[in-house]
Every structure is written in C-alpha cells, then in structure tokens.
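Spelled out, the chains give:
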Amino acid sequence: MAVGIIMGSTSDLPVMEAAIDILKDFGIETEVDIVSAHRTPEKLFDYGKNAHDRGIQVIIAGAGGAAHLPGMIASLSPLPVIGVPVKSRNSIDGWDSVLSILQMPGGVPVATVALDGALNAGILAAQIIGSSNVHVQEKILAYKESLKNKVIAGSESLKK
C-alpha cells in the first residue's frame, strides 16, 4: 500500500510535505520524487506508465505555473491521480495552476484539491485506499472524529 507523491521541482516540497505527513500518520508508505513535465519528459513517461507496477495505488502530483504534471501523469497511468495546484513564484496568483489541473479533457480525470491543498490530497488518497483497506479506513474514521472533537472543544472554550 503506497502513494506516489511527485512534484515539478524542489520548490514545491514545502507545500507537498502536508500530504507526506498525513499519509505517514495514516501508516501509508509514500514514494516521493521530482518529475518535471517540461524538463524531464522521459522520466514523466516512465513514472506514469510504471508506477502501478511498483505497488503505487494513488498518485498525488503537485505543480505550479502551467501545471501540466498531474494531467500528463493521468494520461499515462491507470491509477487515480490527485492534482495539487501550487502557488509558485511564476504563477498568476495560482489561478493558472488551478485551472490547468481542473480543466482536464473528458477521459483523463484528475481529482483537484485547493491551491496549496496537499493536506486534502493526502486525506483523499488515504480515503481511496481506505475504500478497500479496513485498517486505513479505521484510521480515517478516527481522524474525522478528532476533527469533530476539535470543533466541539473550540465551541465549549468559546462559551466559557
């Protein structure tokens, strides 16, 4: 059970660490790599075509600017792909990344989370795995319960 986490450059790592961390909390192995759609297309093709053979079950792809990485990986891989638009220094307030990942043509789906939303990408990847793995599903249920408890505690604190 593993999730592949790829990004276009090391500058995306501070955002993508949220996915790595939450997946670690759920006990899900991650394979993390830099795969640039524009600078290493051969590596992109190899990754997209072979990730499933290495035991990867879901791919999270983070990219800024033109953000072609998630869509290109989705075009090559039989695995579910979750795109994380990253607000990068060459981005137009992040909207170019969001729209590049969101507006995929029919037949090439990419689940897209919010700008810099790697935490939600990690949770979604865990939920996909948890749909067929009861141990992961139990951890997700406990996580959701902890979210509920934080809100209740905040509410109670506010009332004091």
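Our subject is the structure listed above.
So, here's what we can say about the structure. (Residues numbered from 1 in each chain as written. Predicted model: local features only at pLDDT ≥ 70, side-chain atom pairs only at ≥ 80, totals over all residues. Heavy atoms only, no water.)

A few words on the pairing of strand β1 (residues 2–7). Most of β1 is tucked away, with 6 of its 6 residues classed as buried. In β1, alternate side chains face the same way, and those of A2, G4 and I6 on one face and V3, I5 and M7 on the other are all buried. Bridge count for β1 against strand β2 (residues 29–34) is 6 bridges, and the pairing is parallel. Of the residues in β2, the one forming a bridge with V3 is T30. The handedness of the β1 to β2 crossover, carried by helix α1 (residues 13–25), is right-handed. Of the pairings in the sheet, the one linking β1 to strand β3 (residues 56–64) comprises 6 bridges and is parallel in character. Paired with M7 across the bridge in β3 is G62. (Buried < 20%, exposed > 50% of the residue type's maximum accessible area, 1.4 Å probe, protein only. Helix = DSSP H or I, 4+ residues; strand = E, 2+ residues; numbered from the N terminus. Pairing = 2+ DSSP bridges. Right-handed = clockwise from strand over helix to strand, strands pointing away.)

Attention now moves to helix α2 (residues 41–50). Of the residues making up α2, those classed as buried are L44, Y47 and G48. Down the axis, α2 shows its buried residues gathered within 95° of arc, on one side only. Against β1, β2, β3 and α3 (69–76) lie the buried residues of α2. (Arc of directions from axis to C-beta. Contact = heavy atoms within 4.5 Å.)

Another aspect to go through is the environment of S100. Residue position: S100 is located in helix α4 (residues 95–102). Counting along the chain gives 39 residues from S100 to A61, while the straight-line C-alpha distance between them is 13 Å. When neighbours within four sequence positions are excluded, S100 is seen to be in contact with G65, A66 and A67. Side-chain polar atoms of S100 contact the backbone oxygen of D96, separated by 2.8 Å. (Polar contact = N/O pair within 3.5 Å; in protein donor to acceptor, adjacent residues only side chain to side chain.)

As a further point, take the nonpolar core. Grouped together as the largest cluster of nonpolar side chains are 25 residues, with contacts concentrated most on V3, I5, M16, L23, I28, I60 and V84. Of all elements in the fold, only β1, α1, β3, β4 (81–86), α5 (118–130) and α6 (134–159) reach the threshold of two or more residues within this core. Beyond its immediate chain neighbours, meaning those up to four positions away, I28 contacts M1, A2, V3, L23, A126, I129 and V136. Listed in part, the 21 residues of the second largest apolar core include Y47, A63, V81 and V110. (Core = buried A, V, L, I, M, F, W, Y, C linked by side-chain atoms within 4.5 Å.)

Right, let's talk about the packing of α5 against α6 for a bit. Relative to each other, α5 and α6 sit at 135°, their axes nearing to 8 Å. What the angle tells us is that α5 and α6 run oblique. Handedness of the crossing formed by α5 with α6: left-handed. Along the contact surface, α5 presents L119, I123, A126, Q127, I129 and G130, while α6 presents V136, Q137, I140, Y143 and K144. When its residues are assigned to classes, the contact of α5 with α6 shows 7 nonpolar, 3 polar and 1 charged. (Axes fitted to C-alpha atoms, helices over the stretch in contact; angles between N-to-C directions. Parallel < 35°, antiparallel > 145°, perpendicular 65-115°, else oblique. Left-handed = near helix turned anticlockwise from the far one by under 90°. Nonpolar A, V, L, I, M, F, W, Y, C, P; charged D, E, K, R; others polar.)

If you trace the 5 strands from one edge of the open sheet to the other, you get β2-β1-β3-β4-β5, paired in parallel fashion. Each edge of the open sheet carries a strand with a single partner, namely β2 and β5 (111–112). Across the sheet, α4 touches β3, β4 and β5, and the angle it forms with β4 is around 165°.

Moving on, we get to the packing of α1 against α5. Each pair of packed helices can be summarised by the angle the axes make with each other and by the distance between the axes. For the pair α1 and α5, the least separation of the axes is 7 Å and the interaxial angle reads 35°. With respect to the hand of their crossing, α1 and α5 are arranged in right-handed fashion. Contacts between α1 and α5 involve V15, M16, A18, A19, I22 and L23 from the former and A118, L119, G122, I123, A125 and A126 from the latter. Looking at the contact of α1 with α5 residue by residue, the classes come out as 11 nonpolar, 1 polar and no charged.

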